[in-house]
Amino acid sequence: KYLLINCLVYSYSITTSLPCCKDQMRFHPIVSVLLSSVTAAAASADDSTTPAIGGSANLRGSAAITKEKLLDNDNDNDQRSLMEMDTYGPLDCNTFASPLITSEECLASATPLSSLIDSAMASSLAHVIVPCGSCVTVDYTDSSTVTLPGDGSLHIKGRLHFPYDSSVKLNATAIFVEGLLDIPHGINDDKEVKVSVYGSDEWYYYPHEKCTFGDMNCMHKKSVGKKPIVVAGGTVDIRNADACPTWTTLKDVGTIGTSSKNGQTLTKSFVLDQDFVKCVRVNDKMMITSNTYGGWDEHFELNVESVDLASNTISMVGSTDKVFATEVSSSIDNDDEEHIFPSEVALLRRNVIFEGQRHVKKETFKIGRESDVNDLQWKSDFISSVSTDFSTSDISNGFLMFSETSGLGSVELTYAQATKSTLVIGRVEASNCQVQLRKNDVVMHTLPHGTHVVRTYSLDVQAGDVLSLTEDTCRAALISIEHETRMMDVDPTDTEDIHAAHFMVMHTPHVVQRIEGVQFDNMGQAGRLGRYPVHMHMCGDTTGSIIAKNVITNSLQRCVVIHGTHGVTIDDNVSYKTRGHCYVLEDGSEVDNFFVHNLGAQTMDLGADNGQSDSNDNGSVTFWMRNIKNHWIDNVAAGAKGVGYWFDIPKKGFVLNPLYTFKNNAAHSSSTGVSMYPGRGLEVANVDSAVLDGMRIWNNNMVGLMMFFSGGYKVTNGIFVNNKVGIQDTHSKRKRVPIKNTRIIGSLSNPGIEAGVLYTYNNQMQTGGQEILKPELKNVTFSYFTGSSKAIKPYAEIFLETNRVMGQPLVAVDTFFDNTVLGRSRNPMPETSELSFPWTFYLEDATGGFSPTGTPGFWVKNTPRLTHFIPQTCTTVDSQSVFCENACLQHFLVRPQNYHLGLYKKMVLTKGTKSFVYLSSDSYNGQTFDVLLPPGTYVATFLDINGNEISAPSVAIDKKKEPSSESCAYTLPSLTFNTATFRPSVAPTRPPFVLVDSNILDTIPDASDFELVYELDIPTNPTYQAGRPLYSVDNQPQSGFDRVAYFLELNGEYVWVSMDAFTTDARKIGVPCLSLACGDGMTPTVFQQALTNVNVVSNIPGLGGSGLDGNIEFWPYNYLGSFGQSDTNSYSGNFGSMQIHLPGQTVFAFNRFNDGSVADLGIGNSNIGLGSDWSVASNADSYQVRTLKVFTNAQVPVTTSSPTASSSTSTTIIQTGSPTYRPTITPQETPPPATAQQTNEPTPKPTLNPTKAPVSTPMPTPFPTTKQPTLSPTPNPTHEPTQVATPNPTEPAGSSNDPVKNLIPDADGYELVYSLAIPSNPVYKDAKPLYSVDNHQSFSSFSRIAYYLELDDDYVWVSMDAFTADARKIGVPCHHLDCGNGQTRTVIQQMVTNVNVVSNKPGLSGSGLSGNVEFWPFNYNSANSQGIPGASNAWD
């Protein structure tokens, strides 16, 4: 058994030898399998080499944890990948201890910690161990400082208990908790427990059940870095919080007169919530959040001088002339609302402290906006008193400036302790005056002369020293002061000052953790992932765990990080002066977590590179939200340098999830309050029930709410005040975002306000014309917009293709501008300076809430092209816009067939006696027609460039939103073209076209010597970065050719181009996509070179010739330039270019074929997109025929089907309860093989032929046979459509000639559900398998399931009683959600009954058997965790 255990632990590697590892389930730990208990004999073998640590001999799950120096950081990454999925649980020696370690009986006989430490010192043990199955109690009550002996580490395998009267500071290098660390009754307010972690050694965690003691190379070891506090399988139960809230809001202030220095009112006391005040103690440190516009770092700190419970008032040491936002007065321009914008007040004291020691403790502060001699913003632990001579008016842009009118300007700082003081000072004016820095009245430095001269000076000072900055007659500025010192709790061993301690609960599912009332100070390690103040790491389901009422200060990297963990409540925490993202869901796998009533203030840039979005100075966010299946309620982001709340849904593994709860959250004094940008935006599965409810967003100097790639949710009951832009909407596609019952308030005093609602007016043409939807305003009120600000303002989004076409309009119902919206701010139309090019613009005011006349109607751009047919009187508002009362208008884009040829130059529209000539040049692409019409019947005539009438075979009309006014509901316009009336439709129908003659290649002499290598039906949205194109013909590899040719057919247009070979490798002449499978398998295909002897034949006028020179641009990357024949390959990105050019002319182009966007396709020079090479045309979906063929002049005797699919067939069959309904299986000659490449283009699905076996795969026989030859399709230039299998309820699917049923009698009575030609390299994490038969929707009731698998000459049939009632779950259980029920991935592990097996593999047959099914998309290991009879721990 000892050998077997070692085999289980060490016999596999995730990355190489074995494809399945059950023990590695990252996001579903409930299915994760732990090894069974080790026998006593095996355990004793381990114990023989283990130090005496006490406890039971049965040590399943315990760990031998040793220190090891990490010499190679790359090893850390390797070990992390091997270890990442392991999970840990409680130790058996604790679970079965008697008495239990959680009992009072165990505490009654507990060992004192002091005794344990003394014993470790006396025995020269390497570290202190709390024995498994035992209790140890902390017996220090006198504020002792205890440094742990040996290597300084503490290993809690049993229970370490802190009684109520504990008072101690523990210095440790590392702490590991595998048992229980508990403070069940808190710590007396008069006492303090501090755990201080120091050191520079890198530590590993070695799981006992997986690593033999002393094996430093164990593959399951886990690097936990330096200064770790790690919980692995154990429990932390700290309950040091009472009923007091951690933070509250400021109700009012008390004043004590005015300052003698500047005449400003001095604040001394603060009125707060009663429940909060009763928890405040004298000398406590508190923080009041910023109330300034964009003042993310302008918070106020104070020390408590006294507490008055009768009046719920606390008084500060000293006083201040700072103006605070209170519930009485918050300086908001709307008196009715200002009481809901007070500053938050947080208590920064906790008497249980986890801290990290750092090499140098630094303190830096800038001069505040308002200051006074008693203002503690000046003070620190180092400065005992301040003397100043200046006035408030001398403070500018955060600099304290000494005025020449004040005489000898001066700042004097008296120091309380020794430190190094670094002052940044400057002079404003170039004059002969003196600016001097003195120490104890001795001049140490004099600023040079000049304008805006800045210098940094550092001085060593002792306690009692006085530093002063003086000037005589000029203006000087004190910019910042920094202090540093080495104190007792500063770590002298770690010179990396950005690395402190970190606290992590890792890989511990189903164990409830409780962390309440702790201060985490100087925690986190900047630039190192996984090293945070509080970190729940890959714990899976930990429902019931609580992280509450904690204070996180001076964090060097993040605050509370939930990673791969579910069911945690993060409640009533305060984070202040932290770096990097603060409250974090790290990778998007996390669900069912609650973030409630948390405060984050002064979220700073990380200043280091951790490889994620908060690296360096990228802008940190207070709440980083990566999965919306969680809850955010009553939180406040009070000052982030970046964003308060960021919905950043990761692209990797992205699925459309429901938004659980986002309610009553606030964001202020940041750059942006709530944002979906950058990233994938916010689209939700629970359309119409997902709500961003009750947001309070104010004082943000960029955007209050940034909506980007959004849709499906509502914004309700919000209030947005004094933000540069209240709400910005950029890209909404799937569904409009309603904004309801909301107030948007600007400011009369802030010149930085730009708009209440800023939205993009132009359309998105790059995704097949998919509309950009605008917000819907309903019961929205705008207040306090004046001057240059606008209540509603459109803009042209630069990310969209064109500025010349308007998309769907903004919808405004019951929307009002009150009487504080003044002047031009009331006009929602863009001005010439904003949108000066030709454009269409209109806006409906459905209820007259912001019209100039107080009546409903339309705002319209003042141009005859838009107003000519409007019968109502239109009031001129300005030169750019009119308002048309009670008008009903609708916007149309008219596209005649083959409009892209540029034939249609004018459209004459006639209604009765009125006519108007519309120009195609006024449309977004210069080829269609853009009209805005009132109700009526219109007759249209098209004219060419010479004014001659031409008829379009068909016309597509793209209509925009119908008017919202109820009076317009039944009065819509209609258009007539050549006696055919086209009512507007949501999506234009595709016009017919003439197919290219199927024998066209026979008419091209140059094509006669060429043989087909590849044929491809180009998808509209190719994703070739994930795999090779699905060629319908694939004859590579070839050799011995010296000419290459391409034939591209797009509807009725075609081009043939041949040239001297630019490569001798046929693998490189196909689509040069990003997947290495597209080229030689080693490097992506890149060709940019001249071509010779180019021959071109086409039906595009002017495109032809022979013996020409040209050039080729093939690569999978982005590119820059004129977007013609001489672009620059960037060798980065994934746009892709497959282009052939002649001088000054594009022959053909196929671009954007990697990322799933609509591809660019064209023959000849482009008249859309960015240039002549069709870049960014996004027009592939405008063609029904998109066929590319590649030829060489090599002799190819046989054309074969694509080798990307292996010669294997899998079939899923259901036996239904009733045979009356059977899906039809349509005959199909040759089903194309499936490959790993999936596209967004629906592919015809061939099905099994009921009368004969598929010709592409030999059918099985009961004995070995010779394989039948594969039929080879003949190259054919004609695009033949493939029949699509469609269910037919009247026609039976079965047949007496069914080869499976003829072979296997048990198959009778079963119906085919799925059939799959299994690819050799499936990538089903990105898409559902490409089944050639998929009839699952036809079955809702069945009692048996069967599978038939054929691999070359081997086959097996297996049937069983149904293990699920859902036909969606019986196919391949792949990682993509479409493989199951669309909501969760398929996981089935259970016994199955009445199993019948028929196979030509010897010994693999039987009937009426018992078996088991193991279906899941995750990793797995060899353990027989389900106790399957006859199975072993050997991967069966």
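This is a predicted model, so every value here is computed, not measured. (Residues numbered from 1 in each chain as written. Predicted model: local features only at pLDDT ≥ 70, side-chain atom pairs only at ≥ 80, totals over all residues. Heavy atoms only, no water.)

A. Fine view of the overall build of the protein chain. Summing up its helical and strand segments, the protein chain has 9 helices and 96 strands in all. Here the protein chain holds 1436 residues, and 57% of them are scored as buried. Sequence separation of 24 or more characterises 72% of the internal contacts of the protein chain that already satisfy a separation of 6 or more. Of the roughly 54400 Å² that the protein chain leaves accessible, carbon and sulfur atoms contribute 51%. (Helix = DSSP H or I, 4+ residues; strand = E, 2+ residues; numbered from the N terminus. Buried < 20%, exposed > 50% of the residue type's maximum accessible area, 1.4 Å probe, protein only. Contact = heavy atoms within 4.5 Å. Areas by Shrake-Rupley, 256 points an atom, 1.4 Å probe, with all protein chains shown as cover.)

B. Layout of the pairing of strand E75 (residues 955–959). Most of E75 sits out of view: 5 of its 5 residues are buried. With 5 bridges connecting them, strand E69 (residues 890–896) and E75 associate as antiparallel partners. Residue pairing in the sheet places Val894 in a bridge with Ile957 of E75. (Pairing = 2+ DSSP bridges.)

C. Focus on the sheet that holds strand E82 (residues 1087–1098). If you trace the 10 strands from one edge of the open sheet to the other, you get E79-E78-E89-E80-E81-E82-E83-E86-E87-E88, paired in antiparallel fashion. Every other strand in the sheet has two partners, leaving strand E79 (1033–1034) and strand E88 (1160–1163) as the edge strands with one partner each. When strand E80 (residues 1043–1050) meets strand E89 (residues 1186–1192), the two strands line up antiparallel, connected through 7 bridges. Considered in E89, the bridge of Phe1047 is made with Lys1189.

D. Highlighting the environment of Tyr1183. With respect to the element layout, Tyr1183 can be found in the loop between E88 and E89. Separated by 131 residues in the primary sequence, Tyr1183 and Gly1052 have C-alpha atoms spaced 9.4 Å apart.

E. Structural detail: the state of the cysteines. Inspection of the entire model under this criterion finds 9 disulfides. In this model Cys888 forms its disulfide with Cys968; the gap between the sulfur atoms is 1.9 Å. With the S-S dihedral at roughly -80°, the linkage between Cys888 and Cys968 falls on the left-handed side. Note that Cys888 is positioned in the loop between strand E68 (881–885) and E69 and Cys968 in the loop between E75 and strand E76 (974–977), a separation of 80 residues in sequence. Of the two residues, Cys888 and Cys968, both sit in the buried class. (Disulfide = S-S within 2.5 Å.)

F. Unusual backbone geometry, seen in detail. Cis geometry is adopted by the peptide bond preceding Pro99, which originates at Ser98 and carries an omega value of 0°. Within the secondary structure layout, Pro99 lies in the loop between helix H4 (92–95) and helix H5 (104–108). Put simply, Tyr677 and Pro678 share a cis peptide bond, and its omega is -5°. Secondary-structure assignment places Pro678 in the loop between strand E52 (672–675) and strand E53 (690–693). Its identity as a non-glycine residue notwithstanding, Asn440 has a phi of 50°, on the positive side. Mapped onto the fold, Asn440 is located in the loop between strand E29 (435–439) and strand E30 (442–446). One non-glycine residue, Tyr784, adopts positive backbone phi at about 60°. Structurally, Tyr784 can be placed in the loop between strand E61 (776–783) and strand E62 (790–795).

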